[in-house]
Amino acid sequence: MFVFGKQDCARSDRFSVEASYSAFVGTYRALMLYHALALNTQRRGFSELKWTFLFAIEVSRSGCSLLPHYHYWIKSKRIVTPDGIISGAVEVKGKFITSVVTENDWRGTSKGEQVIDYGEAVVMPGLVDVHAHLDDPGRADWEGFPSGTKAAAAGGITTLIDMPLNSFPSTTSTESLELKIKAAEKNIYVDVGFWGGLVPENAFNSSALEALLEAGVLGLKSFMCPSGINDFPMTNANHIKEGLLVLAKYRRPLLVHAEIQLDSESHLDLNTEDARSYSTYLKTRPPAWEEAAIRELLTVTKDTRIGGSAEGAHLHIVHLSDASSSLDLIKEAKVNGDSLSVETCPHYLAFTAEEIEDGDTRFKCAPPIRDASNREKLWDALMGGHIDMLSSDHSPTVPELKLLSDGNFLRAWGGISGLQFVLPVTWSYGKKYGVTLEQLALWWSERPAKIAGQKLKGAIASGNFADIVIWDPSAEFDLTNEYPVYIKHPSISAYMGRRLAGKVFATFVGGNLVYKEGKHAAAACGVQILAKNMNKLTGLFIKRPLYIFRSMDYLSKDKAKETKFHTARRFVVRN
Ligand SMILES: NC(=O)N[C@H]1NC(=O)NC1=O
Ligand SMILES: [Zn+2]
Ligand SMILES: [Zn+2]
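Residues numbered from 1 in each chain as written. Chains lettered and ligands numbered in written order. Predicted model: local features only at pLDDT ≥ 70, side-chain atom pairs only at ≥ 80, totals over all residues. Heavy atoms only, no water.

Chemist: So what's going on with the UniProt feature "domain: Allantoinase composite" (unreviewed entry) in the protein chain? Residues and values would help.
Modeler: The positions UniProt marks with the feature "domain: Allantoinase composite" (unreviewed entry) are residues 67-121. The span residues 67-121 carries 0% helix and 58% strand; its end-to-end C-alpha distance comes to 18 Å. (UniProt positions renumbered as here; feature names shortened; annotations may be inferred. Helix = DSSP H or I, 4+ residues; strand = E, 2+ residues; numbered from the N terminus.)

Chemist: Which residues make up empty space enclosed by the protein, and what values go with them?
Modeler: By the definition in use, this model includes 3 cavities of 30 Å³ or more. Within this model, the second largest cavity holds a volume of roughly 40 Å³. Around the second largest cavity, the lining residues are Pro 125, Gly 126, Val 128, Thr 158, Thr 159, Leu 456, Lys 457, Gly 458, Ala 459, Asn 464, Phe 465 and Asp 467. (1 Å grid on protein atoms, 1.4 Å probe; cavity = no way out; pocket = protein on both sides within 12 Å on 5 of 7 lines; lining within 4 Å. Points joined across faces, edges and corners; volume = space filled by probe spheres on them.)

Chemist: Please set out unusual backbone geometry residue by residue, giving values where relevant.
Modeler: Residue Phe 168 is joined to Pro 169 through a cis peptide bond whose omega torsion reads -5°. Following the sequence through the fold, Pro 169 ends up in the loop between β9 (157-162) and α4 (174-184). Looking along the chain, the bond that leaves Ala 366 and enters Pro 367 is cis, with omega of -5°. With respect to the helices and strands, the residue Pro 367 is situated in the loop between α11 (346-350) and α12 (372-383). A positive phi angle is found at Leu 403, which is not glycine, with a value near 50°. Following the sequence through the fold, Leu 403 ends up in the loop between α13 (399-402) and α14 (422-430). A positive phi angle, near 40°, is found at Glu 517, a position not held by glycine.

Chemist: With reference to specific residues and values, describe the coordination of the zinc ion (ligand 2).
Modeler: Here the zinc ion (ligand 2) is held by the protein donor atoms His 257 (ND1) and His 319 (NE2), which lie 2.1 Å from it. Between the zinc ion (ligand 2) and the zinc ion (ligand 3), the interatomic distance is 3.7 Å. Within this pair, whereas His 257 is found in strand β13 (residues 253-257), its partner His 319 is found in the loop between β14 (314-317) and α10 (325-335), the two being separated by 62 residues in sequence. In this structure, His 257 and His 319 share a single accessibility class: buried. (Donors = N, O, S within 2.8 Å, 3.2 Å for Na, K, Ca; no water. Buried < 20%, exposed > 50% of the residue type's maximum accessible area, 1.4 Å probe, protein only.)

Chemist: Describe in detail the coordination of the zinc ion (ligand 3), supporting the description with residues and values.
Modeler: For a metal with four donors in a tetrahedral arrangement, the ideal angle between donors is 109.5 degrees, while six donors in an octahedron ideally sit at 90 or 180 degrees. Coordination of the zinc ion (ligand 3) by the protein involves His 131 (NE2), His 133 (NE2) and Asp 393 (OD), with metal-donor separations of 2.1 to 2.2 Å. As a motif over one chain, the donors of the zinc ion (ligand 3) read H-x1-H-x259-D.

Chemist: Which residues make up the state of the cysteines, and what values do they have?
Modeler: Applying the stated criterion across every chain yields a total of 1 disulfide. The closest cysteine sulfur to the non-disulfide-bonded Cys 225 is located on Cys 365, 12 Å from its own sulfur. Residue class for Cys 225 comes out buried when judged on its relative accessible area of 0%. Counting only cysteine sulfurs, Cys 365 is the nearest neighbor of Cys 345, a cysteine outside any disulfide, at a range of 7.9 Å. (Disulfide = S-S within 2.5 Å.)

Chemist: Give a detailed account of the site of ligand 1, specifying residues and quantitative values.
Modeler: If you check the shell around ligand 1, you find 14 residues, and the closest are Asn 166, His 257, Ala 366, Ser 395 and Gly 414. At 3.1 Å, a backbone N or O of Ser 227 approaches a nitrogen atom of ligand 1. Isolated, ligand 1 exposes 290 Å² of accessible area, and the fraction of that covered by the protein chains is 97%. Class assignment for the residues of the shell around ligand 1 results in 5 nonpolar, 8 polar and 1 charged. (Near = heavy atom within 4 Å. Polar contact = N/O pair within 3.5 Å; in protein donor to acceptor, adjacent residues only side chain to side chain. Areas by Shrake-Rupley, 256 points an atom, 1.4 Å probe, with all protein chains shown as cover. Nonpolar A, V, L, I, M, F, W, Y, C, P; charged D, E, K, R; others polar.)

Chemist: Before we move on, can you summarise the packing of aromatic side chains with the specific residues and values?
Modeler: Under the counting rule described, the total for this entry stands at 16 aromatic pairs. Summarising the aromatic geometry, the rings of Phe 477 and Tyr 483 are spaced 4.8 Å apart at their centres and angled 20° between planes, so their arrangement reads as stacked. Here Phe 477 and Tyr 483 have matching classes, each one buried. One Lys or Arg, Arg 139, reaches over the ring of Trp 142 and ends 5.2 Å from the middle of that ring. (Phe/Tyr/Trp six-rings, centres within 6.5 Å; stacked < 30°, edge-to-face > 60°. Lys NZ or Arg CZ within 6 Å of the ring centre and 35° of its normal.)

Chemist: For α4, give the residues involved together with the corresponding values.
Modeler: What α4 keeps buried is the set Ser 176, Leu 177, Lys 180, Ile 181, Ala 183 and Ala 184. Taken around the axis of α4, the buried residues stretch over an arc of 165°, which confines them to a single face. Every exposed residue of α4 that faces more than 90 degrees away from the buried side is listed here: Glu 175 and Lys 182. In the stretch just after α4, Lys 186 is the one whose phi turns positive, near 60°. (Arc of directions from axis to C-beta.)

This is the structure we're talking about:
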């Protein structure tokens, strides 16, 4: 069972404000803080109009939002809440959702409040993508924070957790995390957190791992096979076992790329096999690789059970492709009480090996996209609740390394590029399986927010951050060259050329309208999310959090625990 501690996030707001203006902003923020406190205790010291005015000045000066309102209501006939879909309105004040009401209970607006009526469009929690490689710093020519987070915003993703590899250096130390933080500063259009890397060099060095966790990574990530990145070597079960012991103290998860290199390639004569044929590539990474890795992982995930040496840690298997034996092992371990979860990605749900044409290396990824019957099984597992969540595994590179003209599947970069399209892809390909809007919110927002320790994200609920996507499930579009694509290299995206349903109209991050119909806010005001464990009574940061939600199956919706959480929420501190 994964026990999520009360892991708060010290969020460093990065408004772009000129120096001469900073005194005013300082005063303003102090007033805002007072207002937030007053709001909690029902002692409001300032009139709504004054706040609206002050907020409008800051927002219009800083360019953080396309909408300069402090207090507004988002209306719609289809608002996806944890309690179902309602017709009603979401009240936003500053960064937060302050109420969610049904149409019948809505009393209209008071002076100074604005209403944005989205009619029949769907209002859903913004997506939380826990698996994206933005490659910044070091390989920003592959993607980068500005382009990646613009693409995220245009796709309805409001929080993105960046992987520790493909950037240079990899995020495996406090120094490299510091470089990440610098690279992201004033460059992110959505909120961004960071996973740290668990590699052989730090796995047995608990103080180095602790330092990285103290510095704010939301958890760790490791590979059980070569990652393709020199400064991110693979780990084995011993490294992972050690990592879990440290993570247990911090109540943070380990994400694992679960493939182990078997000698299957040795049966192939790569001189005679056609490297442009997708089936050749598929043969080099059979499901047995995933199965072998997961079998080995389960020898250490048993430590995460209640009473185990790593109780409090959690292991999350990223991008599952094999929906047969590998998935069976995962199901069994969950039944046994291992604190374990699993994600898959839109490309495994959308594509099949049979349809990948010779030389079309846009589709090369690891583990590979398998045959049509596997895709059916993946959908069954997702719909049946055995796959917990979705992520993009957006892993782009430069077109030259995709070897598009050469078409050599064995030498091309492995990674799918599609960050901006994950919502319409999941929806378009899921319709025939009966995917609901509530399921999309669960797989793309609620559960990923929990894995990343983001208690104020992932749901449209009072007290949460106003991270919201507005989209039209019935609007269809073609991903042609005319379509506004914000990922850096659209030519390598496997989704280009497809017709999809589900157009994103608008994206709100922390109350800021950061994207609207092809236009982004002028300034990049996403905040960096750094984990901190804090003693709620003393305000001091501690390793073992005071509020321990011994929950649980961390995916359950236990009302009693939610109540406890609501109480604790008032202590959340941000700076
Ligand atoms: N290094 C890296 O991003 N690898 C990713 N690409 C991919 O297809 N699978 C991965 O794990
Ligand atoms: Zn991976
Ligand atoms: Zn990845």
